[in-house]
Each structure stands twice: as structure tokens, then as C-alpha cells.
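# A look at the structure
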2 protein chains.
Amino acid sequence: MNLKELAATLNLSQTTVSRALNGYPEVREETRARVLAAAKAANYAPNSRARRLATGRAMTIGHVIPLTGRAEMVNPIFADFLIGAGEVYAREGYDLLLSMVTDGDSEAAFRQIAANGSVDGVMVQAPQITDPRIGLLQELDLPFLVHGRTGDARGYSWLDIANIRAFRRATDFLLDLGHRRIALLNGQEGFDFAQRRRRGFEEALAARGLCPLPHLMANDAMTEGFGYLSAAAMLDGPEPPTAFLASSVIIAIGIRRACGERGLRMGRDISVICHDDELSYLNNDVGGPAFTATRSSIRAAGRRCAEILIDLIRDPDQPPVQELWETDLTVGRSTGPCPAA
Amino acid sequence: MNLKELAATLNLSQTTVSRALNGYPEVREETRARVLAAAKAANYAPNSRARRLATGRAMTIGHVIPLTGRAEMVNPIFADFLIGAGEVYAREGYDLLLSMVTDGDSEAAFRQIAANGSVDGVMVQAPQITDPRIGLLQELDLPFLVHGRTGDARGYSWLDIANIRAFRRATDFLLDLGHRRIALLNGQEGFDFAQRRRRGFEEALAARGLCPLPHLMANDAMTEGFGYLSAAAMLDGPEPPTAFLASSVIIAIGIRRACGERGLRMGRDISVICHDDELSYLNNDVGGPAFTATRSSIRAAGRRCAEILIDLIRDPDQPPVQELWETDLTVGRSTGPCPAA
DNA sequence: CACCACACCCAAAGCGCTTTGGGTTGGCGA
DNA sequence: TCGCCAACCCAAAGCGCTTTGGGTGTGGTG
């Protein structure tokens, strides 16, 4: 069933039927009701391909996920973000186009997307410290929103959490408990957020005249395995840490495994703080907060990012929108005073 | 830049340019080369909206994710599946349309999708025991593939793992180690896979004349919190289990936490087997297999499912494709002989 | 009564591509 | 020389919708 046929059965023109369905005022309420009833009866829905061609809008937002082979890190985070964003897209009538791109083909993918007009805007996640995507999207004149930020952040729209403050606060928390040998298990160095978190960590140490200990710092994709291996190595090595600061609950779970194997009790023998993205299946609060954590819902971020991006699409000429979210610090059972040496 | 303009600059007709770009034989190689060069130079890509309207194909595959409010369970699994499928889609030139649907609106969403022709086929994940989606998609005559299966599985295409055999084998493994009080922490009862896994578990017990113990069985969304709370309650209750069988690594991580808090050493004081979907950020092999596990890569499943679905779309009249994958059993450090009572 | 505004409705022109159904040319065999 | 077949290329007709630019009839106003 298409518009033409529907119009024919109603003895109306396509124009009128189209207008009735799309809520234009030029049609009598009675007629509109008749059209809507007929459409429903015939199970008619306008063909989205035709509609998109006619309107010139794709009503679609693109998320481009780089598959870097190893940096699966995006994975757990991006899923929850996606769900948050997807909720809003659904509500606002936008489709979500997901592109998996083998790393390096990212630029080609964006150019393609821009040239063939399959989306009205794109979401950029996990920006690198120098990230070609931002300049490219500006050049392509495609509305976009960055989750996170990087470089000179004044020229584009983004939403980010206050990483430096969060990690500075977390470090202070450990320092206040008397810890001095604090390990930082961070995400891959190339990511802007990892750099910021490290800065927060270092600033807190510096404020008390302390220096970060190189053998207690590690960067990699934020997997459980990374947390486990690094923690194990550090705990078994010289000058082991008395506390860990981890960039993700997933890393912290690996740390917990390493501690468990060594008979170390979290919160007593060893302290762990992590950043909690509030992943839905790793709820930190079940049974009382397990980990002391800075927290900020990645899903909520996804929702808000989607809202902003849709705004940007509807009114592309507005000035950049920038939102910085503070994080909460939840005290859990994974931290305690530094045991006397 | 559009086809018309490109054709004009080349002094060729739209027809010829289109054919040159799409690899039709009716155009001289020399002309084709000239066209391709010009297209590249002008950074031309055919408008996907127009192309879709003209061809009648959406070149898009839909994944519909039900948001059941609490059943976040789909979440960790679906992300890896999505990545696997997405790789194949990208390779084959298909787009991936992701729809988040609040539970219950599922039917409306499918009808909508079918009526407006925005996809050429859909992927169905995590089927319930009685799942209206399958009948609906058959009625709508939309190509689809089910990851998992349910009901009378002969009439449609699916890919599934041998859940019953996997869990029977895992249970046997524990029984062989002397365990008799084995707890089963399973996914939500409504899901077909959960039912099958339970059957495997019960069959193994029955084969040795044993009965499942109701107080040692729990079903819920497969979160870390569920694993933790159930394990804690069981361990602290009467007749605690000496072994756990968990439907997911994520649950097993919760079990590990509960054990850790109670000073129970996995593999010695308590045994744990889980099913490992090989989630990329929870690699069970890092540092030697942590958990004894039945395993099957969800990402590989995603890839294969995508291939099958694309096949189905290209040739809709072929008989149903059905694939059953066996799982591996990896012995890790989380299991050991049942400690003497 | 003429005029205008308004409410309703319509025909037709796109949107940018693919594809049908020819045309035109050049070469080759008869 | 003619006819015919490839090899190339083209004009134009869709695909199914939105939207422009009127048309028609009714009621109110001067």
C-alpha cells in the first residue's frame, strides 16, 4: 500500500492525504480523522526511503565505531552509551546507524557518509589526543557531537565529565587515608580522557610534594585482564602499591582478582578506587557499594548527547554547546587506611 | 555534486555514468576509467537515499533491542554480537540500523519497520520461550535470522549453541569431581537458552540419580550483582553449595566476589564453572584460564549470523538455514575436587 | 452586490538515482 | 555495397514521497 493507492481509496489527492498524515493545518479535522483511520486500517506507513529522498533529511544519526583490533576498550562503554542515545533517538523519531570501521579507514568512512548523505549528524566517542575526526567533520560541515573533548575544545560541541577533578579528588581521598604508593591503572594513552585522569592524579600528588612512581603506572585497553596482570605484577614486584586507582570498574575487577589470589583483603590490606561508568550489568551498589568510586552514568551521557546532537541538527547555526559534568564520589568497602608498613 | 552534474562535466549521460560506476558491462573500459577518475576527483558518492528509492532495497539490516527496563542482560552480550555482525555488514555494504524499543512496543516496531521498508531484514536476539516476534516476522514476510531458537524451530532460520549439551557436560565435570550440592545461577527464566541450560543441568543430575536442589537455583538478569547476591545468600544459608554453575562470566565474577569476601578460595574451597561468551574485555584466558568454562564466541556468532542473514536476503526463497554450534570446555583454575565434608 | 479572506483541496514538479527500451556508430562478412 | 551485430551510449520513465503554487467554494464585509 502506498500513498497513491491510499489516496485513491479515499477519493482524495496524495497532497491532502500526505498533509493529513503529517499534521499540516490545511486539512479539515474530519478529513484528517478519515485519513488516519484509513491509514491505520490499511496498515499504511509512508515509505521511509521515498520520504527521505523527498525531504532531503535522513532522519538518521551515525555512530562510527573504530575497530582497532585490540582496543576493544570502547566496547563495554559504548554499549551503554548507545542504549542511552538510542532511547532518545527513538523518542525523537531518529534512526541510529551504526558503522563498524576498521581503524584507519575512519576518514574514508566519514567522507563516504557525508557524500552519500546517509545521516544528518554523527556522534564521536572517545576522542584521541590529536583526533583527525573533529577537523574532518568540521570541514565536511556535518553536525557532530563529541563525547569527551580534546585539543582546543572551544570550536565544537561536546559533553564531557570533569576527569581531572574526579581523579584528583580520588587521589586525595587515598592520600588522606595515608596511602603513598598509589598505582594508576589507566586507559590507553592515546585517549584524551586517560591523559586528563593522569593529570588529576599527578596534580594531587604534586600538591603534597609527591611524585608519581613510574613502576606503578600502566596504560592499556580497559579490560579485566589488563587490571589483573598489571596489579599482579605490581603486587609481586618491589615497592608494591598500597592502593590502586583504576579508570574503570572493569579494570578494578581484575585488580580484585589479583588481590584475592594473594589473600589480600580489599579495604583492609589494599585499597582500590575506580571510575564507575555505571554499566548496567556491573552495578556497583548491589550489596552496598563494593568499590569506592567516582561515578557518572555513561548511559545518561548517551541520552544527553543525543539530545544535544538533535538540537544541533535542527539548528545547525547555533554556537557550540559544551557541557561539563561533575562526578560523584561514592565511598565503598574497597578503601581503608593505609596499613602501617 | 550529484549524478547529473557529474555527467554534465563528463559530457556523458546519467545512464552511462551510473553504469560505469556500478560496473555494468555496457561501457567501454576507457570511459569507465574516466568516470571513476572524475568521481573520485569530485569526491562524488551516489546519494544513498535516492539509490535506495530507485532500487527498492534498503541495504540495511535492523537490530531491534528491547529495553525491558530491568533486563539489562542483553546488554553485555548484544554489544559483542553487534560488533561481529557489524564487521560483516560493513564488508558486504550493508548498514546496521539499531532500534531501541521499550518492551512491549516490539510488535509495533516491527510492523513499522516492515511497512516503511527501512530494512531488508532483521536480526532477532535472545528469543523468549514463547516469542511473538518470530510469527510476526513470518507474517510480515521480512527476512530474519534468530540468534538462539525457540518453540518449533523447524520453520525458520537460526544459529544457536548446543546449550543442553554444554551444561550437561559442565555439570558432569563437577559431578566427576565429587560435587553433589551444585548451584545453578541462570539467566531469566523467560529466555529459551536459560531453559535449555537448566535442562542440561537437570539431565546430568538425573543420570546419576540426583535431584536439583531448589534452594540452589536462581534466575535473573545476568549481572554481576545477581551473581554476588545469590551466591552470598546460598553460601550463608543452610546446605551451601560446593560448586556453582553460572550462565555467564559476569555472574561468575559476582560469585567470585562473594567467595572472596568469605575467604573461600576458588578451585579449592569452592568450584565455579560458567559459560563464557568470550566477551572481549573479559578475556578468561589472561593469566591462564581463570574460570573453567564452556565457551563459544558471541562475536563469531554475530559474524556468522550476519552472513546467513545476508544470504537469506539475497535469496529469500531458500529453505531455512539452521546452525548448531558446539561449545568448548576449558578447564581453568576455578574448579577442583569437592572438599571432604 | 462585489470583493476578499479563509478553509480545503488538487495537479504537478521535484528529490537523485536506476533501469528500460531504444538509438548510433563502426567493423566485418557476404 | 549492403546488412547485421556488437559495442556504446542516451532519453525518459519510474521509485513514493513532500511541497509549491494554484484552484474552488463559502462566509463575512463594505
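Residues numbered from 1 in each chain as written. Chains lettered and ligands numbered in written order. Predicted model: local features only at pLDDT ≥ 70, side-chain atom pairs only at ≥ 80, totals over all residues. Heavy atoms only, no water.

### Some words on the domain arrangement of chain A
Residues and elements named next belong to chain A. The test is simple: Note that domain bounds follow an automatic or database assignment of domains. What makes two residues a contact is simply this: any of their non-hydrogen atoms within 4.5 Å. Simply put, the buried area is the total loss of 1.4 Å probe accessible area from both parts when two parts are fitted together. Throughout this description, the term salt bridge denotes a Lys or Arg side-chain nitrogen within 4 Å of a carboxyl oxygen of Asp or Glu. Polar contact is the term for a pair of N or O atoms within 3.5 Å; when the atoms are in protein, one must be able to donate a hydrogen and the other to accept it, and sequence-neighboring residues count only if both atoms are side-chain atoms. Helix and strand assignments follow DSSP, with helices taken as H or I runs no shorter than four residues and strands as E runs no shorter than two, numbered in order from the N terminus. Throughout this entry, Asp, Glu, Lys and Arg are counted as charged residues, while Ala, Val, Leu, Ile, Met, Phe, Trp, Tyr, Cys and Pro are counted as nonpolar. The remaining residues, Gly among them, count as polar.
Domain boundaries in chain A define domain 1 (3–46), domain 2 (60–161 + 298–325) and domain 3 (163–297). One C-alpha centre belongs to domain 2, the other to domain 3, and the line joining them spans 28 Å. Counting residues at the interface gives 20 residues for domain 2, matched by 23 residues for domain 3. Both sides of the domain 2 and domain 3 interface together cover about 1900 Å² of buried area, and 53% of this is carbon and sulfur. Counting every contact that joins domain 2 to domain 3 gives zero salt bridges. Applying the counting rule to domain 2 against domain 3 returns 10 residue pairs in polar contact (both at pLDDT 80 or more). In terms of residue count, helix α12 (residues 298–314) provides more of the side of domain 2 that touches domain 3 than any other element does, four residues in total. Residues belonging to the side of domain 2 that touches domain 3 are distributed by class as follows: 13 nonpolar, two polar and five charged.

### Describing the packing of aromatic side chains
To describe a pair of aromatic rings, one takes the distance between the centres and the angle between the planes. Residue and element names in this part refer to chain B. To be explicit about the condition: Ring pairs shown here join Phe, Tyr and Trp side chains whose ring centres sit within 6.5 Å, with only the six-membered ring taken for Trp; geometry is labelled stacked below 30 degrees between planes, edge-to-face above 60, and tilted in between. Two conditions define a charge sitting above a ring: the NZ of Lys or the CZ of Arg must be within 6 Å of the ring centre, and it must be within 35 degrees of the ring normal.
Going through the model one piece at a time under the given rule, you end up with four aromatic pairs over all chains. It is R149 that lies over the ring of W158; its NZ or CZ is 4.8 Å from the centre. The ring centre of Y228 lies 3.8 Å from the NZ or CZ of R257, which sits over that ring.

### What about the pairing of strand β6 (residues 182–186) of chain A?
Residues and elements named next belong to chain A. Spelled out, the test is: Residue exposure (1.4 Å probe, protein chains only): buried if accessible area is under 20% of the type maximum, exposed if over 50%, otherwise partly exposed. Only strands that DSSP links by at least two bridges are regarded as paired with each other.
Across the five residues of β6, five count as buried, placing the element largely inside the fold. The side-chain alternation of β6 yields two buried faces, one formed by I182, L184 and N186 and the other by A183 and L185. In the sheet, β6 pairs with strand β8 (residues 243–246) via four bridges, with the strands oriented parallel. Within β8, the residue paired with L184 across the bridge is L245. Relative to strand β7 (residues 217–219), β6 is paired through three bridges, and the arrangement is parallel. Bridge pairing in β7 links N186 to N219.

### Side note on the environment of L36 of chain A
Residue and element names in this part refer to chain A. Mapped onto the fold, L36 is located in helix α3 (residues 29–41). With relative accessibility at 41%, the residue L36 sits in the partly exposed group. The spacing of L36 and V17 is 19 residues in sequence and 8.8 Å in space, taken between C-alpha atoms.

### What about the relation of the copies chain B and chain A?
Using the following cut-off: All copies are superposed by least squares; the fitting set is the C-alpha atoms of residues with a pLDDT of at least 70 in both.
Laying chain B over chain A is done by rotating through 180° and shifting 0.0 Å along the axis; what remains is an RMSD of 0.0 Å. The superposition of one copy onto the other is thereby described by a two-fold rotation axis. Looking at the rotation axis and the C-alpha trace of chain B, the residue lying nearest is L97 of chain B, at 2.5 Å. A share of 100% of interface residues in chain B that are also interface residues in chain A marks the association as one of identical surfaces.

### A few points about the nonpolar core
Rules: Residue types Ala, Val, Leu, Ile, Met, Phe, Trp, Tyr and Cys, when buried and joined through side-chain atoms within 4.5 Å, form a set referred to as a nonpolar core.
Judged by nonpolar contacts, the single largest core of 125 residues is most densely connected at Y89 and F244 of chain A together with Y89 and F244 of chain B. Discounting residues that sit within four places of it in the chain, F244 of chain B has contacts with L174, A183, L185, A231, M234, L235, I255, I270, S271, V272 and I273 of chain B. By size, the runner-up hydrophobic cluster in this structure holds 19 residues, among which are L97, V124, L140 and V146 of chain A.

### Thoughts on the protein's contact with DNA strand C
Using the following cut-off: For this description, a residue counts as near a given molecule or strand if any of its non-hydrogen atoms is within 4 Å of it.
Neighbouring residues of DNA strand C: 27 residues in total, closest S13 and T15 of chain A together with L3, S18 and R19 of chain B. The protein-proximal atoms of DNA strand C, defined as those within 4 Å of the protein, are 59% sugar or phosphate. Between DNA strand C and L3 of chain B there is a distance of 2.4 Å, counted from a phosphate oxygen to a backbone nitrogen or oxygen. Elements with a minimum of two residues in the surface near DNA strand C: α2 (14–21) and α4 (48–55) of chain A together with α2 (14–21) and α4 (48–55) of chain B. Per-class residue counts for the surface near DNA strand C are 10 nonpolar, 12 polar and five charged.

### Brief notes about the pattern of salt bridges
Pairing is possible between side chains of opposite charge, provided their charged atoms come close. A complete count under the given rule lists 62 salt bridges over all chains for this structure. Between R303 of chain B and E87 of chain B there is a salt bridge, with its nearest N and O atoms 3.1 Å apart. Of the two residues, R303 of chain B is situated in helix α12 (residues 298–314) and E87 of chain B in helix α5 (residues 74–92); the sequence distance between them amounts to 216 residues. A residue is classified by how much of its surface remains accessible, and E87 of chain B, at 22% relative accessible area, is partly exposed. For E92 of chain B, the salt bridge is made with R91 of chain B, and the minimal N-O distance between the two is 3.6 Å. What emerges from the salt-bridge pattern is a single network uniting R91, E92, R304, E307, R314 and E323 of chain A.

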